[in-house]
Amino acid sequence: KEKILRLPSWIKFPISKASEFEKIQTLIKKSNIHTICEEARCPNRAECYASGTATFLLGGSICSRSCAFCQVNKGRPSPINIDECTQVAEAVKVLNLKYVVLTSVARDDLPDHGANLFISTIDEIRKIDSTIKIEVLTPDLWGGGKNLDETNNLQTERLKMILEKDPICFNHNLETVERLQKEVRRGANYKKSLSLLEKSKDIAPHIQTKSGIMLGLGETLDEIKNTIYDLKKIDCDQITIGQYLRPSFNHLAVKKYWDPSEFQYLYRFSKELGFKKVSSGPLVRSSYHAG
Ligand code: SF4
Ligand code: SF4
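All of the points below concern the structure found in this document. The model shown is predicted, which means the values in this text are computed figures rather than measured ones. (Residues numbered from 1 in each chain as written. Chains lettered and ligands numbered in written order. Predicted model: local features only at pLDDT ≥ 70, side-chain atom pairs only at ≥ 80, totals over all residues. Heavy atoms only, no water.)

When you go through the chain residue by residue, the secondary structure sums to ten helices and ten strands. In summary, the chain has a C-alpha radius of gyration of 18 Å against a globular reference of 19 Å for 291 residues, a match within 12%. Along the first, second and third principal axes, the C-alpha set of the chain runs to 50 × 45 × 40 Å. When burial is assessed residue by residue, the chain has 55% of its 291 residues classed as buried. Long-range pairs, those at least 24 residues apart, make up 74% of the contacts in the chain between residues at least 6 apart in sequence. (Helix = DSSP H or I, 4+ residues; strand = E, 2+ residues; numbered from the N terminus. Rg over C-alpha atoms; globule rule 2.2 N^0.38 Å. Buried < 20%, exposed > 50% of the residue type's maximum accessible area, 1.4 Å probe, protein only. Contact = heavy atoms within 4.5 Å.)

Structure follows, in structure tokens:
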């Protein structure tokens, strides 16, 4: 029988001013766009909205993959909404955001795997205000070739197209340690993800690279440290480390709630290794304090 752990006392969800929160939620719903903040009911919404940050989900709200931890709906992806880029840009303007994170569902069904979704949205946001900082949090852009070499080249081409738009940060999450990749992610894996981050550094060394992992899926401290080492080896600049929280009983169970002092330890460990920016704490998410 599955063991269900109690939520520890240190996981507290900040409460926001209801009126402010509703205003933003209504706007997001009305605009026919999707944000990870809302889809994942992120615990940091109050703080992020107040500080002018949000994470937009491009390519619709249905993902062609089905990672066992993720709250985004899975299934046959919706047809591309060609107005999505302008709708997102309009929402950025109305919400007066200064730092925008763009992410997308995995669109393995599209020839470009969704790369152009990032490009068109960046263009539209810059038309409104070229000083808004834009971080991209992409899927692994892997797949579609007839053989390994061709697939690898396609991934590089898609990545290059996005990097040519000069985002302030290229973010791609490893999500978990190497041993648990298969159980936690679908279609992605540790090596492909590390290689994407490494390619980003090679192609555009001036763009910061960033990756994140969730704790609580059954990993050991040594495995976490090895993952951090692996990110350092490919010269990744920033790292986020947060606690996995189970979105529903249909998702993977939490195996452990890591203690705040353990997150502190991992913060110091990563800082000592030389990462430029480290966010480590139970409620840290990939886009938390991104700006
Ligand atoms: Fe949105 Fe990320 Fe902030 Fe959560 S941490 S509210 S997903 S920007
Ligand atoms: Fe979620 Fe996985 Fe799809 Fe990303 S690829 S949106 S983590 S199901």
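Around ligand 1, a shell composed of Ile 36, Cys 37, Cys 42, Asn 44, Arg 45, Cys 48, Thr 55, Arg 285, Ser 287 and Tyr 288 is seen. Of all elements in the fold, only helix H2 (36-39) and helix H3 (45-50) reach the threshold of two or more residues within the shell around ligand 1. Class assignment of the residues belonging to the shell around ligand 1 gives a composition of five nonpolar, three polar and two charged. (Near = heavy atom within 4 Å. Nonpolar A, V, L, I, M, F, W, Y, C, P; charged D, E, K, R; others polar.)

This next bit is on the sheet that holds strand S5 (residues 99-104). The strand order S1-S2-S5-S6-S7-S8-S9-S10 describes an open sheet built from eight strands, whose pairing is mixed. At either margin of the open sheet sits one strand with a lone partner, and together these are strand S1 (34-35) and strand S10 (277-280). Bridge count for S1 against strand S2 (residues 53-58) is two bridges, and the pairing is antiparallel. The residue bridging Thr 35 from the neighbouring strand is Phe 56, located in S2. (Pairing = 2+ DSSP bridges.)

Moving on to the packing of aromatic side chains. Across all of its chains, the model carries two aromatic pairs by this definition. Between Tyr 229 and Phe 269, the aromatic rings sit 5.6 Å apart at their centres with planes inclined by 80°, giving edge-to-face as the arrangement. Taken together, the residues Tyr 229 in helix H9 (residues 221-233) and Phe 269 in helix H10 (residues 260-273) connect sequence positions 40 residues apart. Classification of Tyr 229 by relative accessible area gives partly exposed; the value is 39%. Their ring planes at 20° and their centres at 6.4 Å tell us that Tyr 265 and Phe 269 sit as a pair that is stacked. Here Tyr 265 and its partner Phe 269 are both found in helix H10, four residues apart, which amounts to about one turn of the helix. Three or more aromatic residues joined by ring pairs make a cluster, and in this case those are Tyr 229, Tyr 265 and Phe 269. (Phe/Tyr/Trp six-rings, centres within 6.5 Å; stacked < 30°, edge-to-face > 60°.)

What follows concerns the site of ligand 2. Taken together, the residues surrounding ligand 2 are Cys 63, Arg 65, Cys 67, Phe 69, Cys 70, Lys 74 and Ala 106. Looking at side-chain class alone, the shell around ligand 2 contains five nonpolar, no polar and two charged residues.

On to the pattern of salt bridges, then. Going through the model one piece at a time under the given rule, you end up with 14 salt bridges. The closest approach of N and O atoms between Arg 179 and Glu 223, which form a salt bridge, is 2.5 Å. With Arg 179 in the loop between strand S7 (169-171) and helix H7 (181-184) and Glu 223 in helix H9, this pair connects stretches of sequence that are 44 residues apart. With a closest N to O distance of 3.1 Å, Asp 230 and Lys 233 form a salt bridge. Linking Asp 230 with Lys 233, this pair stays in helix H9, spanning three residues, or about one helical turn. On the accessibility criterion, Asp 230 (17% relative accessible area) is buried. Salt bridges linked by common partners bring Arg 65, Asp 108 and Asp 140 together as one network. (Salt bridge = Lys/Arg side-chain N within 4 Å of Asp/Glu carboxyl O.)

Within the largest apolar cluster, 73 residues are counted, with the highest numbers of intra-cluster contacts made by Phe 56, Leu 102, Ile 125 and Leu 231. Not counting chain neighbours up to four residues away, the residues in contact with Leu 231 comprise Leu 174, Leu 194, Leu 197, Ser 211, Cys 236, Ile 239 and Phe 275. If you look at the next biggest cluster of nonpolar residues, it comprises five residues, including Tyr 99, Val 101, Cys 169 and Ala 290. (Core = buried A, V, L, I, M, F, W, Y, C linked by side-chain atoms within 4.5 Å.)

Among the five residues that make up strand S6 (residues 133-137), four are buried, leaving the element largely enclosed by the rest of the structure. Sheet topology note: the S5/S6 ladder contains five bridges and is parallel. Each bridged residue has a counterpart across the sheet, and for Val 101 the counterpart in S6 is Glu 135. Crossover connection from S5 via helix H5 (residues 115-128) to parallel S6: handedness right-handed. For S6 and S7, the ladder comprises three bridges, and the chain directions are parallel. Among the inter-strand pairings, Val 136 is bridged to a residue of S7, identified as Phe 170. Tracing the backbone out of S6, into helix H6 (residues 148-163) and back to the parallel element S7 gives a crossover that is right-handed. (Right-handed = clockwise from strand over helix to strand, strands pointing away.)

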